[in-house]
Amino acid sequence: MKNRTICETGYGTTSFRTTASDRTVVPWLNGQGTTQVVAETGDWRVSIAEEPLESTFSVIAGYDRLIIPIGSVALELTGPPFSAPPDGLDAVSVVRHVIEPLQIFAFPGEWAPTSRASSRTRALNVMTRRGAADMTVEIGSSEISGRSGSVRICLDLATEDALIVPPGELMPPVGPGSWAIISLSRSDRHTANM
């Protein structure tokens, strides 16, 4: 719990590590699953969800989302289009997206598709409040270039250990492996409106 508090109150002043054993597990808003919170503030959250064989995503209005299957199983997402087509013929339209392991898929939080997987798996989720925070995710690299104004989260995709680096701190070496590098920063739109 201590690490989560540091992150919520300004990211702390030094980097810190988290593991699955020291993270908070919270239920999905719709109660159909759980997610393990890696780090969060009022404007963003990074978490790892247990993906059941079949579920429906929660509606998280006002947020932009990314999902990345981190096991060896693809996720199939099915639902209405993200937005109604211009001709208004949306009543029965359905779209289907197959998200392969380590593929990044972006969608609005208002979209609540049905999710199916051939076996239980896990997925990395990154959510940002629209207009308040921006996110970038890179898979497969442990290099982080010139993002010292961002919070950077380096997630080892094998162990799910994470290194959280606050803005302004140099990125320490993270070692070999398969990584998800998540950068989170205040949105330019948010800064312009202040």
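Reference entry: report on the structure contained in this document. Chains are numbered independently. Their residues run from 1 in the order of the written sequence. Confidence filtering applies because this is a predicted model: local features only for residues at pLDDT of at least 70, side-chain atom pairs given and counted only at 80 or more, and all residues used for totals across whole chains, interfaces and linings. Side-chain measures were taken over the full set of non-hydrogen atoms in the model, leaving aside hydrogen atoms and water.

It is worth spelling out the overall build of the protein at this point. Helix and strand definitions here come from DSSP, where helices need a minimum of 4 consecutive H or I residues and strands a minimum of 2 consecutive E residues; each element is numbered from the N-terminal end. Scanning the protein from terminus to terminus reveals two helices and 15 strands. Relative accessibility under 20% of the residue-type maximum defines a buried residue, over 50% an exposed one, and the middle range a partly exposed one, all with a 1.4 Å probe and only protein chains included. A burial count over the protein gives 41% of its 194 residues as buried. Residue contacts follow a heavy-atom distance rule, with two residues in contact if any of their heavy atoms lie within 4.5 Å. Looking at the protein alone, contacts between residues at least 24 apart form 68% of all its contacts between residues at least 6 apart. Using a 1.4 Å probe, accessible areas were evaluated by the Shrake-Rupley method; residue-level cover was limited to the displayed protein chains. Carbon and sulfur atoms form 55% of the exposed surface of the protein, whose accessible area is close to 9500 Å².

Time to look at the side chain of Arg152. Turning to its location among the elements, Arg152 is positioned in strand β13 (residues 151-156). We classify Arg152 as buried; its relative accessible area is 3%. At a separation of 2.9 Å, a polar atom in the side chain of Arg152 contacts the main-chain carbonyl oxygen of Pro166. Whenever two N or O atoms come within 3.5 Å, that pair is a polar contact, provided that in protein one can donate a hydrogen and the other can accept it, and provided that, for residues adjacent in sequence, both atoms are side-chain atoms.

Turning our eyes to something else, we now look at the environment of Trp28. One can find Trp28 in the loop between β2 (24-27) and β3 (34-40). Along the primary structure Trp28 and Val59 are separated by 31 residues, whereas in three dimensions their C-alpha atoms are 9.8 Å apart.

Note on pairing: side chains with opposite charge can pair once their charged atoms come close. Salt bridges are defined as contacts in which a side-chain nitrogen from Lys or Arg sits within 4 Å of a carboxyl oxygen from Asp or Glu. This model, assessed by the stated rule, comprises eight salt bridges. Among the salt bridges present, the one from Glu50 reaches Arg122, with a minimum N-O distance of 2.3 Å. You can see Glu50 sitting in strand β4 (residues 44-51) and its partner Arg122 sitting in strand β11 (residues 121-129), a full 72 residues away along the chain. Judged by relative accessible area, which is 28%, Glu50 ranks as partly exposed. By relative accessible area, Arg122 is classed as buried at 18%. Among the ionic pairs, Asp64 bridges to Arg130, the shortest N-O distance being 2.9 Å. With a gap of 66 residues between them, Asp64 in strand β6 (residues 63-69) and Arg130 in the loop between β11 and β12 (133-139) connect regions that are remote in the sequence. Because the salt bridges share partners, they merge into one network encompassing Asp43, Arg129 and Arg186.

We now examine the sheet that holds strand β9 (residues 105-108). Being paired, for any two strands, means DSSP has found at least two bridges between them. Sheet architecture is open: six strands sit in the order β2-β3-β4-β11-β6-β9, paired in antiparallel fashion. Of all the strands in the sheet, just β2 and β9 have a single pairing partner and so form its edges. Sheet twist, expressed as the mean angle between neighbouring strand axes with direction ignored, is 30 degrees. Bridge count between β6 and β9: four bridges; the pairing is antiparallel. Across the sheet, the residue bridging to Arg65 is Phe107, located in β9. Throughout, an axis means a line fitted to C-alpha atoms (over the contacting stretch in the case of helices), and angles, computed between N-to-C directions, take values from 0 to 180 degrees.

It is worth spelling out the nonpolar core at this point. Trp44, Val46, Leu124, Val126, Ile153 and Ile182 are the most contacted members of the largest nonpolar core, which has 22 residues in total. Elements represented by at least two residues in this core include exactly β3, β4, β6, β11, β12, β13, β14 (162-165) and β15 (179-186). Leaving out residues up to four positions away in the same chain, Ile153 has contacts with Val38, Ala39, Trp44, Val46, Ala162, Leu163, Ile164, Ala180, Ile181, Ile182 and Leu184. As used in this record, nonpolar core signifies buried Ala, Val, Leu, Ile, Met, Phe, Trp, Tyr and Cys residues forming a set joined through side-chain atoms within 4.5 Å. Counting eleven residues, the second largest nonpolar core, distinct from the first, contains Leu75, Phe105, Phe107 and Trp111.

This next bit is on the sheet that holds β15. Spatial strand order, β1-β14-β13-β15-β12: five strands in an open sheet with antiparallel pairing. The two strands at the open ends of the sheet, each matched to only one other strand, are β1 (16-18) and β12. Here the average twist between neighbouring strands, direction ignored, is 20 degrees. Examined bridge by bridge, β12 and β15 share seven bridges and lie antiparallel to one another. From the neighbouring strand, Val137 faces β15, where its bridge partner is Ile182.

Everything listed here is a matter of geometry and, on its own, says nothing about what the molecule does.
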